[in-house]
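Chain and residue survey
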Amino acid sequence: MSRIYINGIASISPQSEDIFETEPLKEYQDNIIPALNQDYKSMINPMLLRRMSAAVKMGLFSSKKALLDAKIDIPDSILVGTGQGCLKDTENFMVSMLNSEEGLLRPTSFIQSTHNTVGGQIALDLKCTGYNMTYTQNSASFESALLDSILQFKSETEIQNVLVGGVDETSPAFTGFQKLDGQLKQEPVRNTDLLASKTSGSIFSETSSFFILGSEESENSYAELVDVEIINSTEVQNIGKRTEQFLQTNNLSSSDIDVVILGNNGDSRYDSYYHELREKLFAGKVQLAFKHLVGENNSVSAYAFWLASKIMKEKRIPDFIKLNDLNCKEPRKILIYNQYLGKNHGLILLKNLDL
Amino acid sequence: MKGVAVTGVGIISSIGKDLEETRHSLLKGKSGIGFPQNLKTRHNNLPVGEIALSNSELNALLKLNPKSAYTRATMLGIYAVNQLLDNTDLKNFSSDTGIISGTSVGGIDMTERYFKDFEKDPEKRKFIQAQHPGFSTEMIAEYFGLKNFVSTISTACSSSANAIMMGARMIESGKLKRVIVGGSDCLTKFTLNGFNSLMILSGNECRPFDENRNGLNLGEAAAFILLEADDCIGGKEVLGRLTGYGNANDAFHQTASSENGEGAFLAISKALKKAGISGNEVDYINAHGTGTKNNDLSESIAFRRVFGDEIPAFSSTKSFTGHTLGAAGAAEAVFSLLCIREQEIFPNLNFSTAMKETGLNPVTEVQKVKIDTVLSNSFGFGGNCTSLIFQKDE
Amino acid sequence: MSDLHTELKKSIIEQLNLEDMEVSEIDNDEPLFGDGLGLDSIDALELIVLLEKDYGIKLSDPQQGKEVFNSINTMADFIEKNRTR
């Protein structure tokens, strides 16, 4: 099978994209944290921007940045993962409908409530008539899109560049409900203290990370995407076995992995999945975390993919993402493992360019 | 053997609770369009294709655990997958079976019902997560003991057509041996009010492709088909093969289709190319045909562009079911497979006058003809256009 | 310029999120759609809601909007003739 190269990356999150370089970590006191604002007008037509909710403008802006990074004008396919979709417009329309008791309603928020609004707007902006898909499978949404991108390269000979990403936004009522059902922590927890938290729930955020995957290596290449696996549900004691099986299908074993990026989100009920891998399969490996930087959401594993790409290219692992004291000068293989509420487990395998 | 084998189908819609009832309605020209009974809405003067089973009836039929968060789309989905099992004489699915569902609104029916109760009523909070489309697919998977590959596509009205396409690609690439693909969407106040605000709902039964069409009727349905790799089929009957598929984006407007039908043209062309056939090999088109001014004209123009003067027999079965949104592609895939199995074309109801721009006439009476190849179209908001090609197993 | 003209411009700017635009920048006979202000068919639907909400005028056919929403002047004329509030 042909190789898949990560040739362009971009991320919008509660942290700066320069997090490896100069920027100090941003700290948040709230359990619902927004993404950093961007100069959206610099890349998005104001007549279109005026209607866009956070998810749409973050998705489009980071897509365009990833394209610029890869020096690609138009991708062959557009693949988006979003677990909760366009929450704000959905909420706006819902609230107007309920409050007016199905009275006279403005159509714009309904139009923009569909999950594929982001993918559709990217296509519209780029005038890209290619394959366009939106996956919405809880915390396996980005993994689903990534899997589709692998199939694109595998089965469609004419595919050279795929735009793939994950984006999720928050909205006042809908995200607020997640406190009522225990998805959010009941007490305020600072993001930088998240991993040490001993209570249930997590902190929620808005993020968007997009990538250009290519069939050819370029001067700008970050790493190779090797494979993705989605497991809907499995017991804690089986996660090691399932991970090992995934590596075996790629003719690897856990000993070949240099760095593992884990989705610990400080939820005492479900972080056991990560502990299981940390203590057993990957005990002697560099272990990293990222949700204390950017919080939890249904497509935040795309941020981990962004981190992994950056680590591969820059051959550097900042201390503030380390879960243990180990180091690795030149990671050759990175595995990302993420789940949410014990379900929708995702495994993403990357390797460096020099192999 | 070309294409991916379809070895089972299951469907529920306003025209039937099982396959035979569905076919009977299609043959007798019996539409499922009427005024909403189960859906409590102020707009009860708007015709819809509603399934005549209430949530509590579905709950009882499926023997669901009352503590779990079953939304209507989830229940309809489980019902349809149960139908699939019945129709194939299977007791259950092997544990390696994957499931990919397409849905546009997921569990928004429960959100609109309990939005104002979540704060004060802890009992209702189980439905907070249920709003999201992926949750619905997981609940269906859980019911059938499927723990491995579970995914959801949400591309508005092409969602389940895309789920079917993705399933085929998973099998062709060897990632899966078996996959249940399709979709489920229920009627909600959210969508009824939404489409009403777009002023594209008809106050009468919809009239796809008619000069005097004035909008669509919403409907609800769930339909799933089983795709299997050739080495897994065993003695099962192959209902048809998915030999072609294509997705393209119109890249024209957030909701409207382009005047030249570009997205539809590209999707159909890609599907033909994938199937390795030319346009004149298509025996029947199950059109997207919503009954709106915009869609039907744009789709007709795409037909002209692809097929020239030799446009195959076509009809829109949305005149029976209404537009079942995310489930439409799967429901119409089942209709297409029925066409192949029974060698018959189901009519386009409520048609009398060809539209003046194209002069195209859909099939208006049941036709018994040789059908080897069916093209099924599904187009959605965000310019998302998908075409599937099913062919007779040889 | 009548109060209605100014009122319309204010509502259009607000309802359609034309954040960077001032009332003084919209000419009474400037086309609202296409090359003029640059509104599109989604805006047209929003303007239909605006007519009904603010002036009690119900348009049942979106096609009707094409003439009515040509410019601020045509909108104001139509409202003067048909308003029920």
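Each residue is numbered by its place in its chain's sequence as written, counting from 1. Key to labels: chains lettered from A, ligands numbered from 1, both in the order written. Local features in this predicted model are restricted to residues of pLDDT 70 or higher, and side-chain atom pairs are both shown and tallied only at a pLDDT of 80 or more, whereas totals for entire chains, interfaces and linings draw on every residue. As a rule here, side-chain values cover all heavy atoms of the structure and leave hydrogens and water aside.

If you look chain C up in an unreviewed UniProt entry, it shows as Phosphopantetheine-binding protein from Christiangramia crocea.

With an unreviewed UniProt entry as reference, chain A is termed Beta-ketoacyl synthase chain length factor, source organism Christiangramia crocea.

Regarding the side chain of B:Thr243
All names here are of chain B. Secondary-structure assignment places Thr-243 in strand β9 (residues 240-249). In this structure Thr-243 comes out as buried when scored by relative accessible area, which is 6%. Throughout this description, a polar contact denotes any pair of N or O atoms lying within 3.5 Å of each other; where both atoms belong to protein, one of them has to be capable of donating a hydrogen while the other can accept it, and for residues adjacent in sequence the pair is counted only when both atoms sit in side chains. Polar side-chain contacts of Thr-243 include one of 2.7 Å to the side chain of Gln-391. Contacts are assigned to residue pairs with any non-hydrogen atoms lying within 4.5 Å of each other. In this structure Thr-243 touches Lys-2, Gly-3, Lys-274, Ala-275, Ile-389 and Gln-391, once residues within four positions along its chain are discounted. Only runs of H or I of at least four residues qualify as helices and only runs of E of at least two qualify as strands under DSSP, and these elements are numbered from the N terminus. Exposed residues in this analysis have more than 50% of their type's maximum accessible area, buried residues have under 20%, and partly exposed residues fall in between, with area computed by a 1.4 Å probe over protein chains only.

Let's talk about the interface of chain A and chain C
On the chain C side, the residues contacting the 10 residues of chain A number 16 residues. With both sides pooled, the region where chain A packs onto chain C buries about 1,300 Å², and carbon together with sulfur makes up 51% of that total. Buried area is a sum: the accessible area each of two parts loses on coming together, probed at 1.4 Å, counted once for each and added. Broken down residue by residue, the surface that chain A buries against chain C is led by A:Arg50, A:Leu104 and A:Arg106, which jointly contribute 51%. Here, a salt bridge means any Lys or Arg side-chain nitrogen found within 4 Å of an Asp or Glu carboxyl oxygen. Run the count over chain A and chain C and you get 5 salt bridges.

A closer look at the domain arrangement of chain A
A common way to report how large an interface is uses the accessible area buried once the components associate. All names here are of chain A. In terms of domain boundaries, chain A breaks down into domain 1 (4-214) and domain 2 (224-351). Note on domain 1 versus domain 2: buried area summed over both sides is about 4,200 Å², and carbon and sulfur give 62% of it. By the criterion of area lost to domain 2, the three top residues of domain 1 are Phe-20, Glu-143 and Leu-195, representing 19% of everything that side buries. Between domain 1 and domain 2 we count 2 salt bridges in total. Our count for the contact surface shared by domain 1 and domain 2 stands at 23 residue pairs in polar contact (both at pLDDT 80 or more). Ranked by residues supplied to the side of domain 1 that touches domain 2, first place goes to helix α6 (residues 141-155) with 8 residues. Grouping the constituent residues of the side of domain 1 that touches domain 2 by class yields 22 nonpolar, 25 polar and 7 charged. Segment limits for the domains were obtained from an automatic or database-derived domain assignment. Each residue is assigned to one of three groups, with Ala, Val, Leu, Ile, Met, Phe, Trp, Tyr, Cys and Pro labelled nonpolar, Asp, Glu, Lys and Arg labelled charged, and all others, Gly among them, labelled polar.

Considering empty space enclosed by the protein
Site definitions follow a grid-based scheme: protein atoms alone, a 1 Å grid, a 1.4 Å probe that fits but cannot get out for cavities, and for pockets an open set with protein on both sides within 12 Å along at least five of seven lines, plus lining residues having an atom within 4 Å of a point. Grid points are joined across faces, edges and corners, and a volume is the space filled by probe spheres set on the points. Evaluated as defined, the whole model comprises 7 cavities of 30 Å³ or more. Here the largest cavity defines a volume of roughly 190 Å³. In terms of lining residues, the largest cavity is bounded by 19 residues, among which A:Ser113, A:Thr114, B:Ser104, B:Val105 and B:Phe190 are the most central. Going through the elements one at a time, α3 (87-99) of chain A together with α8 (189-197) of chain B are the ones with two or more residues in the lining of the largest cavity. Looking at which element gives the most residues to the lining of the largest cavity, the answer is α8(B), with 3 residues. Along the lines of polarity and charge, the residues of the lining of the largest cavity split into 10 nonpolar, 9 polar and no charged. Taken together, A:Gln84, A:Asn138, A:Gln178, A:Gln183, A:Asn298, A:Tyr340, B:Gln129, B:His132, B:Gly134 and B:Phe135 make up the full set of residues lining the second largest cavity.

A look at the interface of chain A and chain B
Across the contact, 66 residues belong to chain A and 62 residues belong to chain B. Buried surface at the junction of chain A and chain B, both sides included, amounts to about 5,400 Å², of which 58% is carbon and sulfur. A salt bridge links A:Lys343 to B:Glu142; the nearest nitrogen and oxygen atoms lie 3.7 Å apart. Where chain A packs against chain B, one counts 30 residue pairs in polar contact (both at pLDDT 80 or more). Classifying every residue of the side of chain A that touches chain B by side-chain character gives 26 nonpolar, 28 polar and 12 charged.

What to know about the nonpolar core
A:Phe211, A:Leu213, A:Phe305, B:Ile225 and B:Phe390 are the most contacted members of the largest nonpolar core, which totals 99 residues. Not counting chain neighbours up to four residues away, the residues in contact with B:Ile225 comprise B:Val6, B:Gly8, B:Val9, B:Leu84, B:Ile164, B:Val179, B:Ile180, B:Val181, B:Val334, B:Leu337 and B:Phe390. Core analysis: the next-biggest nonpolar cluster, separate from the first, contains 90 residues, A:Phe174, B:Tyr79, B:Phe195 and C:Leu47 among them. Nine residue types can take part in a nonpolar core, namely buried Ala, Val, Leu, Ile, Met, Phe, Trp, Tyr and Cys, and a core is a set of them joined through side-chain atoms within 4.5 Å.

Observations regarding the sheet that holds strand β2 (residues 33-34) of chain B
Residue and element names in this part refer to chain B. Taken in spatial order, the 3 strands line up as β2-β3-β7 in an open sheet, and their pairing is mixed. Two strands lie at the open edges of the sheet, namely β2 and β7 (218-219), each paired on one side alone. Note on pairing: two strands pair once DSSP finds at least 2 bridges between them. With 2 bridges joining them, β2 and strand β3 (residues 48-49) adopt antiparallel strand pairing. Bridging from a neighbouring strand, Gly-34 pairs with Val-48 of β3.

As for the state of the cysteines
Criterion for a disulfide: a pair of cysteine sulfur atoms within 2.5 Å. For the structure shown, the criterion picks out 0 disulfides over all chains. For the unlinked cysteine A:Cys128, the closest cysteine sulfur is that of B:Cys385, found at 13 Å. Using a relative accessible area of 1% as the deciding quantity, one classes A:Cys128 as buried. With no disulfide partner, B:Cys385 has as its closest neighbouring cysteine sulfur the one in B:Cys157, 11 Å distant. B:Cys385 sits in the buried class, given a relative accessible area of 5%.

Regarding helix α1 (residues 19-28) of chain B
Residues and elements named next belong to chain B. Those residues of α1 lying buried are Leu-19, Thr-22, Arg-23, Ser-25 and Leu-26. Taken around the axis of α1, the buried residues stretch over an arc of 160°, which confines them to a single face. In this fold, the buried residues of α1 make contact with β1 (4-13), α3 (72-88), α11 (318-321), α12 (328-342), β12 (344-345) and β13 (367-368). Taking the backbone nitrogen of Glu-20 as reference, a side-chain oxygen 3.1 Å away marks Asp-18 as the first, capping residue of α1. Backbone geometry just downstream of α1 places Gly-29 in the positive-phi region, at approximately 65°. It is the directions from the helix axis to the C-beta atoms whose arc is reported.

Thoughts on the pattern of salt bridges
Residue and element names in this part refer to chain B. Summed over all chains, the structure comprises 46 salt bridges over all chains. For Asp-230, the salt bridge is made with Arg-241, and the minimal N-O distance between the two is 3.0 Å. Of the two residues, Asp-230 is situated in the loop between β8 (221-228) and β9 and Arg-241 in strand β9; the sequence distance between them amounts to 11 residues. For Arg-241, a relative accessible area of 4% translates into the label buried. Among the salt bridges present, the one from Asp-372 reaches Lys-370, with a minimum N-O distance of 2.5 Å. For Asp-372, a relative accessible area of 22% translates into the label partly exposed. If you follow the salt bridges from partner to partner, you end up with Glu-20, Arg-23, Arg-341, Glu-342, Glu-344 and Lys-368 in one network.

Focus on the pairing of strand β4 (residues 98-102) of chain B
Put simply, side chains in a regular strand alternate between the two faces of the sheet. All names here are of chain B. Burial runs high along β4: 5 of the 5 residues are buried. Here β4 shows no split at all, with Gly-98, Ile-100 and Gly-102 on one side and Ile-99 and Ser-101 on the other all buried. Here β4 pairs with strand β5 (residues 150-153) via 4 bridges, running parallel. Within the sheet, the bridge partner assigned to Ile-100 lies in β5 and is Ser-151.

Topic: the packing of helix α2 (residues 55-62) of chain B against α3(B)
Residue and element names in this part refer to chain B. Axis definition: a line fitted to C-alpha atoms, limited for helices to the stretch in contact. Angles are taken between N-to-C directions and run from 0 to 180 degrees. Between α2 and α3, the least distance of the axes is 10 Å, while the angle of their chain directions is 40°. By the criterion of interaxial angle, the relationship of α2 to α3 is oblique. Helix-helix and strand crossings are classified by hand; for α2 and α3 the assignment is left-handed. In this structure, α2 uses Asn-55, Leu-58, Asn-59, Leu-61 and Leu-62 to contact α3, whose residues at the interface are Arg-72, Met-75, Leu-76, Ile-78, Tyr-79 and Asn-82. Among the residues making up the contact of α2 with α3, the classes are represented as 7 nonpolar, 3 polar and 1 charged. Every angle not falling under 35 degrees, over 145, or within 65 to 115 is termed oblique; those three ranges are roughly parallel, roughly antiparallel and roughly perpendicular. Left-handed describes a crossing in which the near helix is turned anticlockwise from the far one by less than a right angle; the clockwise case is right-handed.

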